[in-house]
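Summary of structural features
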Amino acid sequence: MSPTGRIHSWDLSTGVDGPGTRFVLFVSGCPLRCLYCANPDTWHMRDGEETTVDEVLAEVEKYRAFVTTAGGGVTLTGGEPLLQPAFTGEILRRCRQAGLHTALDTSGFLGARATDGLLADTDLVLLDIKSFDIGTYRRLTGGELAPTLSFAARLDRLGVPVWIRYVLVPGWTDDPDAVDGLAGFVAGLANVDRVDVLPFHKLGAHKYQALGIPFPLRDTPVPDPGLTERVREQFREHGLRAF
């Protein structure tokens, strides 16, 4: 019997969810409440649509030629895919069996739920490290930093390729010392291919309005190009490829 899980939606994207053109599956449910979250509509599993792995793979198959021709594959994101590890793991396994490149977009907060088998079926982890300052991480996400760092170290031991994602929020994640600390930590991992510094944006603000909840960073400015380049350069100073 095909395992079931709850999903929010799916989309096609190029260049932001892994290499090439991707079939991106948004899995429902997330344990964190990041102040800058662009997808508050994925927070609760109960709001997702129950579906089977077979149904997901049937949808993926419709776009196989398109994503493979463009050097892409399938990315699981959310929400937090590791909130539903059995469902997520089976999708990754089936996609890998089908010859599709697989990527897992995760905060790493629930990294302990990822079995070695799940990670063996993952060609790339997009690891979103929200902050390297423990207090800032807690205020920004409602969670703890340690599980993510532990997961990063485990991915390194297993040799799973990683792209680090770092959302740059003025007044929150732009502190030079914290950025330098994270860059030093990441530089010590042998499996990191690149670091993507992602400027904070407000494109999801309308979702908060529709849900009737306040957008916490409504009055926070987006970073200017100079700040973004400064942070990218801090990662480069540690020998990392930063974009």
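Scroll up to find the structure this text is about.
To keep things clear, this report deals only with the structure shown in the data block. Numbering of residues starts from 1 in every chain and runs along the sequence as written. Totals for whole chains, interfaces and linings use all residues, but because this is a predicted model, local features are given only for residues with pLDDT of at least 70 and pairs of side-chain atoms are given and counted only at 80 or more. Only hydrogens and water are set aside when side-chain values are computed; all heavy atoms of the structure are taken into account.

Moving on: the nonpolar core. We call a set of buried Ala, Val, Leu, Ile, Met, Phe, Trp, Tyr and Cys residues a nonpolar core when their side-chain atoms join them within 4.5 Å. The cut-offs for exposure are 20% and 50% of the maximum accessible area for each residue type, with area from a 1.4 Å probe on protein chains only; residues under the lower value are buried, those over the upper are exposed, and the others partly exposed. Residues Ile 91, Leu 127, Val 195 and Phe 235 are the most contacted members of the largest nonpolar core, which totals 63 residues. Only runs of H or I of at least four residues qualify as helices and only runs of E of at least two qualify as strands under DSSP, and these elements are numbered from the N terminus. Among the elements that make up this core, the one with the highest residue count is strand β7 (residues 162–168) (five residues). Two residues form a contact once any of their heavy atoms are found within 4.5 Å. Filtering out sequence-adjacent residues up to four positions away, Leu 127 remains in contact with Thr 106, Ser 107, Gly 108, Thr 148, Phe 151, Ala 152, Leu 155, Val 162, Trp 163, Ile 164 and Arg 165.

Looking now at the packing of aromatic side chains. Only Phe, Tyr and Trp rings take part, Trp by its six-membered ring, and two of them pair if their centres are within 6.5 Å. Stacked means planes under 30 degrees apart, edge-to-face means over 60, and tilted covers everything else. Throughout the structure, instances matching the rule amount to seven aromatic pairs. One aromatic cluster is present, formed by Trp 10, Phe 23 and Tyr 63 through successive ring pairs. The ring centre of Trp 163 lies 4.5 Å from the NZ or CZ of Arg 194, which sits over that ring. Charge-over-ring contacts are defined here by two conditions on Lys NZ or Arg CZ: a distance within 6 Å of the ring centre and an angle within 35 degrees of the ring normal. Here Arg 194 stacks its cationic end above the ring of Phe 243, 4.2 Å away from the centre of that ring.

A few words on the packing of helix α1 (residues 53–62) against helix α3 (residues 85–97). Each axis is a line fitted through C-alpha atoms, taken for helices only over the stretch in contact, and angles between the N-to-C directions span 0 to 180 degrees. Orientation of α1 relative to α3, taken along the N-to-C sense of each, is 40°, at an axis distance of 10 Å. Classified by the interaxial angle, the pair formed by α1 and α3 is oblique. Relative to α3, α1 is oriented so that their crossing is right-handed. In this structure, α1 contributes Val 53, Asp 54, Val 56 and Leu 57 to the contact, and α3 contributes Phe 87, Glu 90, Ile 91, Arg 94 and Cys 95. Its residues placed into classes, the contact of α1 with α3 shows six nonpolar, no polar and three charged. To sort the angles, those under 35 degrees are grouped as roughly parallel, those over 145 as roughly antiparallel, those from 65 to 115 as roughly perpendicular, and the leftovers as oblique. It is the rotation of the near helix from the far one that decides the hand of a crossing: anticlockwise by less than a right angle makes it left-handed, clockwise makes it right-handed. Put simply, Ala, Val, Leu, Ile, Met, Phe, Trp, Tyr, Cys and Pro go in the nonpolar bin, Asp, Glu, Lys and Arg in the charged bin, and everything else, Gly too, in the polar bin.

A few words on unusual backbone geometry. Trans peptide bonds make up most of the peptide bonds, and negative phi angles are found at most residues other than glycine. With an omega dihedral of 15°, the bond running from Gly 78 to Gly 79 counts as a cis peptide bond. Considering the arrangement of structural elements, one finds Gly 79 in the loop between β4 (73–78) and α3.

Glancing now at the pairing of strand β6 (residues 124–128). Of all five residues in β6, five are buried; the element is thus mostly enclosed. Here β6 shows a buried face lined by Leu 124, Leu 126 and Asp 128 and a second buried face lined by Val 125 and Leu 127. Of the strand pairs in this sheet, strand β5 (residues 101–106) and β6 are connected by four bridges, and their pairing is parallel. Paired with Ala 103 across the strands is Leu 124, a residue of β6. One bridge is not enough; two strands pair if DSSP finds at least two bridges between them. Sheet topology places β6 next to β7; four bridges connect them, and they run parallel. Bridge assignment links Leu 127 to a residue of β7, and that residue is Ile 164.

Take the layout of surface pockets next. Taken as a whole, the largest pocket encloses approximately 930 Å³ of empty space. Definitions used for this entry: grid spacing 1 Å over protein atoms alone; cavity, a set of points where a 1.4 Å probe fits but cannot get out; pocket, an open set with protein on both sides within 12 Å along at least 5 of 7 lines; lining residue, one with an atom within 4 Å of a point. Around the largest pocket sit 35 residues that line it, and Ala 38, Asn 39, Asp 105, Arg 165 and His 201 are the ones nearest its centre. Of all the secondary-structure elements, those providing two or more residues to the lining of the largest pocket are β1 (4–14), β2 (21–27), β4, β5, β7, β8 (192–199) and α8 (205–211). Grid points are joined across faces, edges and corners, and a volume is the space filled by probe spheres set on the points.

Helix α9 (residues 225–236) packs onto helix α7 (residues 176–187) with a crossing angle of 35° between their chain directions and a minimal axis gap of 9 Å. Relative to α9, the crossing made by α7 is right-handed. Listed contacts from α9 to Pro 176, Val 179, Asp 180, Leu 182 and Ala 183 of α7 are Arg 230, Val 231, Gln 234 and Phe 235. Class assignment for the residues of the contact of α7 with α9 results in six nonpolar, one polar and two charged.

Bringing the sheet that holds β5 into the picture now. An order of β3-β1-β2-β4-β5-β6-β7-β8 is seen for the eight strands of this open sheet, with the pairing classed as mixed. Edge positions in the sheet fall to β3 (49–52) and β8, since each has one partner strand and no second. Adjacent strand axes in the sheet meet at a mean angle of 30°, parallel and antiparallel pairs treated alike. Helix α6 (residues 146–158) contacts β5, β6 and β7 of the sheet and is inclined by roughly 155° relative to β6.

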